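An overview of the molecular structure
Here are the chains, one letter per residue:
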Amino acid sequence: MLVRGDVHDPVVETHLITIPEVQMTADLRLATIYVMPLGGRDQNEVLAALDRNKRFLRGEIAKRVNLKFAPDIRFQIDERFAEAERIERLLRTPAVRRDLERLKDDET
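In this text the structure is predicted, and so the values were computed from the model without any measurement.

Conventions used here
- Residues numbered from 1 in each chain as written.
- Predicted model: local features only at pLDDT ≥ 70, side-chain atom pairs only at ≥ 80, totals over all residues.
- Heavy atoms only, no water.
- Helix = DSSP H or I, 4+ residues; strand = E, 2+ residues; numbered from the N terminus.
- Buried < 20%, exposed > 50% of the residue type's maximum accessible area, 1.4 Å probe, protein only.
- Contact = heavy atoms within 4.5 Å.
- Core = buried A, V, L, I, M, F, W, Y, C linked by side-chain atoms within 4.5 Å.
- pLDDT = per-residue confidence, 0-100.

Once that is clear, we can look at the side chain of Thr32. Residue placement: Thr32 occurs in strand β2 (residues 30-37). The class for Thr32 is buried, based on a relative accessible area of 5%. Setting aside residues no more than four positions away along its own chain, Thr32 makes contact with Glu21, Val22, Gln23, Arg74 and Gln76.

Structure representation (structure tokens):
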């Protein structure tokens, strides 16, 4: 729906938005949609735009998904990319490199 331009909102139309995951509650009544605008730009604006269009999106989902009830939807910024970068930076620190080298030496 986002790629096809079904959501007529200037913020959504001018951003490439990735949806890496959707988590459903066990009763399928709530869907948490994790989103990330390309490059992490304008996260708050994109989240606000998606929230403004939540009713339309829920209606479109209801048409396409065969469930008894259309799930309520909420949007959240996907923090996995930032967390992966934080871990990568941590792994590149001298202390971690030293410890990894020490482990490698102990194994040989």
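Don't stop here, the text continues.
Right, let's get into the nonpolar core. By size, the foremost hydrophobic cluster in this structure holds 16 residues, and its most contacted members are Val12, Val35, Leu50, Leu57, Ile73 and Phe75. Among the elements of the structure, α1 (10-13), β2, α2 (43-52) and β3 (72-77) are those that each provide at least two residues to this core. Once residues within four sequence positions are removed from consideration, Val12 is found in contact with Leu2, Val7, Ile17, Ala49 and Leu50.

Its place among the elements puts Arg92 in the loop between α4 (80-91) and α5 (94-107). Arg92 has contacts with Glu85 and Arg97, leaving out every residue within four places of it along the chain.

This next bit is on the confidence of the model for the protein chain. In the predicted model, the protein chain carries a mean pLDDT of 88, and 99% of its residues have values of at least 70. Within the protein chain, no element has a lower average pLDDT than α5, which sits at 81, and none a higher one than β3, at 95.

What follows concerns the side chain of Asn53. In this fold, Asn53 is placed in the loop between α2 and α3 (54-64). Setting aside residues up to four positions removed in sequence, Asn53 forms contacts with Val7 and Asp9.

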